[in-house]
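Structural characterization, general
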Amino acid sequence: MADTLSFSPTTMKQYEWLLTRYPTRRAALLPTLRLAESEFGEIGVPEMRYVADLMEIPPAFVFGVVTFYTHYRRAGTGKYHIQVCSTLSCALRGSEDVVTRITERLGIVPGETTDCGLFSLSKVECLGSCDTAPMLQMNDDYHEDLSIDDVDQLIEQLRESAKGGSN
Amino acid sequence: MAFRKIFTQHIQKKTCHTMAFYKKHGGYEQAKAALSKRKKPDALIDLVKASNLRGRGGAGFPTGVKWGFVPKATDKPKYLVVNADESEPGTFKDRLIMEKCPHLLLEGILICCKAVGIETAYIYIRGEFVFATERLQKAIDEAYDEGFLGNNALGSGQRIDVTVHRGAGAYICGEETGMLTSLEGDRGNPKLKPPFPAIEGVFGCPTVVNNVETLANLPYILEIGADAYRAIGPENSPGPKLFCVSGHVENPGTFELPMGVPLRTLIDKHAGGVWKGRKLKAVIPGGSSAHVLTADECDVAMDIESLAAAGTMLGSAGVIVMDETTCMVDAMLNVMRFYHHESCGQCTPCREGTGWLAKITHRIAHGEGRMEDLDLIQDVCDRMVGKTICALADAAAFPAESIVKKFKSDFESAIQNGGSPAWKKRHPSVVGGTASHA
Amino acid sequence: MPDIKTPTTRWTLNGQEVENTSGMTILEAANEHGVEIPCFCYHPGLSIAGNCRICMVESNRSPKPVISCSERIADGLEIETESEVAVDARNSVMEFQLINHPLDCPVCDKAGECILQDHSYSHGPDRSRFIEDKNIRHTKELGPTISIWGNRCIVCTRCTRFCDEISGTSELCIVERGDRSVVDVFPGIPIDNQMAGNTVDICPVGALISHDFKFEARVWNMERKDSVCGGCSRGCNIEVETLDGFVKRLMPRENQDVNDWWMCDEGRYGWRHLYSDDRVLEARGPSGPLDSSRSITAFIEILDNSPRVAFLIDPFLTCEELHLVHALASSSSDSLVGGWLPDQGAAAEFPAGFKISADKHPNRNGAEQIFGHQVFGEDASQLQSALNDRSIDTIVAFCGGPGSDGPGQEWSAALAKASTRVLFSVQEGNWLDGATLVFPATAPLEKEGTWVSEDDRLQRTRSCWKPGEAPFPSELVFLQSLQSALGTRSRSLSAAGIFRELSEVCAPFADHNHSDIGSLGLLLSDRPTGVGAGGGA
């Protein structure tokens, strides 16, 4: 699998541009991993190996970096990654209820992915949106000021999107 | 002089984040003057020193003094790394600046680069802030288009480059040297200090690390001068300040007020007071790393020195309000889990201590606490503070030691009655009691 | 003209004013004054990490304790290593180190040489206050020779720094964060470099385990001897550890002039052939085994009846053994001496300077000093031609190397043309077929004597055998017995005694002796200036 992975010409251009922004190649690692995340859909073992070889960085180093951070989309993550903020301000305003509701609707607990591969649920730390608690991040987007209805609606919308074959 | 807002005066306008809007309202005029070839960098540093501007990231270090530490004579390139990692629980002010007035930040960056002789600036923004990143990148593109960045930035004769560098989910990357290590492409492990970043920071070169809000103050300082700036709020901790209020209030949000606003005014007048007609129980005044205040301790001014004198800190100005229904054991458990999760794991007292604190608190909340656990928590905190590479251990210990000390009855209750109310609600059939461990 | 002295710094250590070379860390400077400060993550051969925090001391320059492994001495600095602050700081760190550490000592190989045990005993609390569930981390193979018991890992990063800085192979990394951090490898890329075994040595706890030594022995039951590796001509200094006279483990020994703190895996794990089933363990003639006296008689008979005796030496023989061969060769008229060399292996050089030699034998240099520089060259060619011409009746050949090929195909074929062959061999092999006499040879680890490394370093190698429990007479003993029987030796001597004889007749070795060579060796060109000068005892 690893030998079939490669950046598209567009992405490669972006990578080359990245290299011009830093005095060391290694400094471009985190943003290059984002390019890989976007291009390949996830950062798994083959993707880490690809980036390591591309950047001439020891693969073990890349592995250590990827496992340190929580926000890279790791292999096996569902199409819709629901990350519910669970730190104090959100907890004070019902983040647990949000999680419970999602578990009821999707049948998964935090850390799990639905069998169909559509949804992953995580509890995450403070997302810097405490004034709109409780809230969650779904892939790149913040969904704030959540009521239980909002949660139901979001899940429905996502299910619809998935059926429609759109993003 | 009436208080003039510099961050939030336009945030209702849909285009407030654009170059056109910013320029229309006097944007980049201060930077143009500062970056003119005739202006001496030292004069800028002196001005910022005289203004008493103090870092807005949490440590409150005098900004001008920090700039002054960077060696003037050096062969190495100098760097500015903007701390936009904003991960302190209860804090969301930098996000507002980046989403609503990113050009204010860029103008501040230009002024700093001129003052310290920096050509390359990175904005290290937390990975989760995708929308803010887009807004920031758009503003940077606009600035390059106008010649405010790049070669001969703003006609200064100096090249100034700004690159947005996304983080990937780690609170410790908000610690200045953790940020630098992450920028270098590694796990976000803080570095041993000394040497300090101003001498040897990112890529082994002199580096200034400044918070977003700190830099965003600079155009205003240049506009009104050091004396006028110092007159806003207390002189040793002056300026307009973004206060974040969240938790059990009617109207959570970001409030731009002069430094020194009374905490009670902030909560009751601006944030609508404790919600649902309830009574106040506890307030964290400066992000979760600050010592907690009881309801009786809230007659304090929101500025660096006043809060320090009250045994806590302004920190990131993330005010978290807790009402009378809050079990402080649960609140503490939430916060301890945060630090346990976020410790980078490098050094022993933090790696193990954050885990220990979380486990003890978990046990108390889940009905297996012992009275001696309260002294144990204090002792673990003592053994963590001041013994680590960075201050995350302290940041975990401060809320732990203060919550346990000031809300002892909540803990005693959980120990004697089979756990915290939330736990007992979820597990009504479990008969609690003191721990049966040997 | 005043001397240009190294700049020094005066500072205060535990109330006493002291002086050290400027720029030293507090830890290193204190050590010079006999004050030992504990450490886990610090290692003199690696970069400073400063993460374990156990080396904290009290400083007048800081309100918080400072780590002595990275803070440098300075004028006016006052450091206390035994004050309440310092002692409590260390005690705290020890307590934290132990809360998640599994009580594995009864089953952990590191017990007895474990830095965690040692520091816990000296600096830690004597009981645990931790009643929570301990963390679980992975236990897995990291490579063909190393596994990790992750629960024991204290994330000191010595091993990861080793792979980055010393072997330059970077296979190890820390994964995850916080107290979930642990050492790991990239999935599918095991740790498999030529220096990997050193990571197990430097691991301060029993997290990294060597497959070679796993569950083999308790360290306190083993005997230790300072010795030298015979795997190549670098001559890395080692410790040989034995249980009841059997080698259990080889470890590197620090020698800053040869191998720093390291040894290569080939040398480290290259001892098992000592116990292979095909060792030659007793002398034998055409009709079967010969006891010691009969084997000597047989040997002398051959020497008496041979007009021309030639000797084929190997580069494994010690200088003392070579001296005895030389004496034997000199006493026979018209004798020819040549040497054979194993095939060259791969040389290697690592980022921090550690080297592996392509010469996979320890004493080519010593043989050349004693027999002349042409012994493996011109002399060898001459000898081989003479054998092939069938002009040699009797050949005495040595093979102290591993494997059953003896001196290799070419030499074996040439040897077979002599009518009488007296062969010394470590292992059985076809090349011994039809030999007149076969004698057991010592493998390098079994030899007592000296070798000269490729850097002209004279070093002592020690026998792993328990004194008085030799399974067969070593070449050192046998050749002297032979000399006695021939009437050319009145007294049998130890290796040191034979070395003294050598130093009296062979110029490169003049004025050297075993005592001066000590355990760190010395260059052939180093001449001691007085009693006990040069190496230690």
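As the structure is a prediction and not an experimental result, all values here were calculated from the model. (Residues numbered from 1 in each chain as written. Chains lettered and ligands numbered in written order. Predicted model: local features only at pLDDT ≥ 70, side-chain atom pairs only at ≥ 80, totals over all residues.)

Describing the overall build of chain C
As a reminder, the rule being used: Helix and strand definitions follow DSSP, with helices as H or I runs of at least four residues and strands as E runs of at least two, each counted in order from the N terminus. Backbone-placed C-beta atoms define the burial measure: a residue is buried with 20 or more other C-beta atoms within 10 Å of its own, exposed with 12 or fewer, and partly exposed in between.
Within chain C, the regular secondary structure consists of 14 helices and 25 strands. Taken across its 537 residues, chain C has 49% of its residues classed as buried.

Things to note about the overall build of chain A
What counts here: Two residues qualify as being in contact provided that their C-beta atoms, derived from the backbone, are within 7 Å of each other.
For chain A, the helix and strand inventory stands at seven helices and four strands. Secondary structure elements of chain A, listed N to C terminal, follow the sequence α-α-α-α-β-α-α-β-β-β-α. Out of the 167 residues in chain A, the part that is buried amounts to 44%. Taking the contacts inside chain A whose residues are at least 6 apart along the sequence as the reference set, 57% of them involve residues at least 24 apart.

A look at the interface of chain B and chain A
This is how it is decided: Each residue is assigned to one class: nonpolar for Ala, Val, Leu, Ile, Met, Phe, Trp, Tyr, Cys and Pro, charged for Asp, Glu, Lys and Arg, and polar for all the others, Gly among them.
Across the contact, 44 residues belong to chain B and 32 residues belong to chain A. Of all the secondary-structure elements, those providing two or more residues to the side of chain B that touches chain A are β3 (161-166), α8 (176-183), β5 (240-247), β6 (253-258), β11 (318-323) and α13 (328-342) of chain B. Of the residues assigned to the side of chain B that touches chain A, the class counts are 16 nonpolar, 19 polar and nine charged.

Comments concerning the interface of chain B and chain C
Across the boundary between the two partners, chain B contributes 26 residues, which contact 26 residues of chain C. Its residues assigned to classes, the side of chain B that touches chain C shows eight nonpolar, 12 polar and six charged.

Let's talk about the nonpolar core
Residues and elements named next belong to chain B. To be explicit about the condition: Working definition: the nonpolar core is a set of buried Ala, Val, Leu, Ile, Met, Phe, Trp, Tyr and Cys residues, joined through C-beta atoms within 7 Å.
Membership of the largest hydrophobic core comes to 330 residues, with the highest contact counts inside it found for Val81, Val82, Ile109, Leu110 and Cys112. With 10 residues, the top contributor of residues to this core is helix α6 (residues 102-116). The contact partners of valine 82, leaving out residues within four places of it in the chain, are Ile109, Ala121, Tyr122, Ile123, Tyr124, Asn210, Val212 and Leu215.

Considerations on the domain arrangement of chain A
To be explicit about the condition: Domain extents, as shown, originate in an automatic or database domain assignment.
As assigned here, chain A comprises domain 1 (2-68) and domain 2 (80-163). If you average the C-alpha positions of domain 1 of chain A and of domain 2 of chain A, the two centres end up 29 Å apart.

What to know about unusual backbone geometry
Omega for the bond connecting alanine 133 of chain A with proline 134 of chain A falls within 30 degrees of zero, at -10°, which places this linkage in the cis form. Structurally, the position occupied by proline 134 of chain A is in the loop between β2 (119-124) and β3 (136-138). Proline 194 of chain B connects to proline 195 of chain B through a cis peptide bond whose omega is 0°. Among the structural elements, proline 195 of chain B can be located in the loop between α8 and β4 (207-211). Phi angles above zero are rare outside glycine, and glutamate 56 of chain A is one such case at about 55°. Relative to the helices and strands, glutamate 56 of chain A is located in the loop between α3 (45-55) and α4 (59-68). Residue classification places glutamate 56 of chain A among the exposed residues on the basis of 8 C-beta atoms within 10 Å. The backbone phi angle of asparagine 139 of chain A is positive, close to 50°, even though this residue is not glycine. Among the structural elements, asparagine 139 of chain A can be located in the loop between β3 and β4 (141-143).

Observations concerning the sheet that holds β4 of chain B
Strands pair in a sheet through their backbones, by hydrogen bonds, and they do so in one of two ways: parallel or antiparallel. Residues and elements named next belong to chain B. Rules: A pair of strands is labelled paired if DSSP reports no fewer than 2 bridges between them. Fitted lines through C-alpha atoms serve as axes, helices being fitted only where they are in contact, and the angles separating the N-to-C directions of these axes extend from 0 to 180 degrees.
Judged by pairing direction, the sheet is parallel, and its four strands sit side by side in the order β3-β2-β1-β4 without closing on themselves. The open sheet has two edge strands with one neighbour each: β3 and β4. Geometrically, the sheet is characterised by an average inter-axis angle of 20° between neighbouring strands, direction not taken into account. Pairing of strand β1 (residues 79-84) with β4 involves five bridges; the strand directions are parallel. Each residue of the ladder has a partner; that of tyrosine 79, found in β4, is threonine 207.

Details of the domain arrangement of chain C
Once the domains are mapped, chain C shows domain 1 (8-97), domain 2 (129-275) and domain 3 (284-447 + 464-510). For domain 1 of chain C versus domain 3 of chain C, the distance between C-alpha centres works out to 54 Å.

Side note on the pairing of strand β7 (residues 146-149) of chain C
Residues and elements named next belong to chain C. Of the strand pairs in this sheet, strand β6 (residues 139-141) and β7 are connected by three bridges, and their pairing is antiparallel. By the bridge assignment, threonine 139 is partnered in β7 with tryptophan 149. Counting the residues in the hairpin turn of β6 and β7 gives four residues. With three bridges connecting them, β7 and strand β10 (residues 208-210) associate as antiparallel partners. Its bridge partner lying in β10, isoleucine 148 is registered against leucine 208.

Focus: the sheet that holds β3 of chain A
Residues and elements named next belong to chain A. Taken together, the four strands give an open sheet; going across it, the order is β2-β1-β3-β4, and neighbouring strands pair in mixed fashion. Edge positions in the sheet fall to β2 and β4, since each has one partner strand and no second. Taken pair by pair, the neighbouring strands of this sheet meet at an average axis angle of 25°, ignoring direction. Bridging between strand β1 (residues 80-85) and β2 involves six bridges; their strand directions are parallel. Note on β2: the bridge partner recorded for tyrosine 80 is phenylalanine 119. Along the sheet, helix α6 (residues 95-106) makes contact with β1, β2 and β3, crossing β1 at roughly 150°.

Some remarks on the packing of α13 of chain B against helix α14 (residues 348-365) of chain B
If you want to describe how two helices pack, look at the angle between their axes and the distance between the axes. Residue and element names in this part refer to chain B. Test applied: Oblique is the label for any angle not covered by the other classes, which are roughly parallel (under 35 degrees), roughly antiparallel (over 145) and roughly perpendicular (65 to 115). By convention the crossing between two helices is left-handed if the near helix lies anticlockwise of the far one by an angle smaller than a right angle, and right-handed if it lies clockwise.
At a minimum axis separation of 8 Å, α13 and α14 run at an interaxial angle of 155°. By the angle class used here, α13 and α14 are roughly antiparallel. For the element pair α13 and α14, the recorded crossing hand is left-handed. For the pair α13 and α14, the contacting residues are Val329, Asp330, Met332, Leu333, Met336, Arg337, Tyr339 and His340 in the first and Thr354, Gly355, Leu357, Ala358, Thr361, His362, Ile364 and Ala365 in the second. Counted by class, the contact of α13 with α14 contains nine nonpolar, five polar and two charged residues.

What about helix α2 (residues 84-99) of chain C?
What counts is decided by this rule: The length a helix should cover is 1.5 Å for every residue beyond the first.
Counted at 1.5 Å a residue, the expected span for α2 of chain C with its 16 residues is 22 Å, and the 22 Å between its end C-alpha atoms agrees. Within α2 of chain C the residues assigned to the buried category are Ala86, Ala89, Arg90, Ser92, Val93, Met94, Glu95, Phe96, Gln97 and Ile99 of chain C. Contacts made by the buried residues of α2 of chain C are with α14 and α15 (372-384) of chain B together with β3 (56-59), β5 (78-80) and α3 (115-123) of chain C.

Regarding the packing of α14 of chain B against α2 of chain C
The contact between α14 of chain B and α2 of chain C brings their axes to 9 Å, and the two run at 55°. Put simply, α14 of chain B runs oblique to α2 of chain C. Crossing geometry of α14 of chain B relative to α2 of chain C is assigned as left-handed. Across from Thr348, Pro349, Glu352, Gly353 and Trp356 of chain B in α14 of chain B, the residues of α2 of chain C making contact are Ser92, Val93, Phe96, Gln97 and Ile99 of chain C. Along the lines of polarity and charge, the residues of the contact of α14 of chain B with α2 of chain C split into five nonpolar, four polar and one charged.

Quick word on the confidence of the model for chain C
Residue and element names in this part refer to chain C. Operational definition: Scored from 0 to 100, pLDDT records how confident the predictor is in each individual residue.
In this model, chain C carries an average pLDDT of 95, and 97% of its residues clear a pLDDT of 70 or more. Of the regions scoring below 50 in pLDDT, residues 531-537 engages in 18 contacts with residues more than four places distant in sequence or in other chains. For this predicted complex, the interface confidence comes out at an ipTM of 0.96, alongside a pTM of 0.95.

Points about the environment of aspartate 141 of chain B
Residue and element names in this part refer to chain B. Along the chain, aspartate 141 turns up in helix α7 (residues 130-145). Accessibility expressed as a C-beta count within 10 Å gives 12 for aspartate 141, which makes it exposed. A C-alpha to C-alpha distance of 9.8 Å links aspartate 141 and valine 162, two positions 21 residues apart in sequence.

Notes on α6 of chain B
Taking 1.5 Å of rise per residue, 15 residues should cover 21 Å, and α6 of chain B covers 21 Å from first to last C-alpha, within 8% of that figure. Trailing α6 of chain B by a residue or two, glycine 117 of chain B shows a phi angle of about 80°, which is positive.

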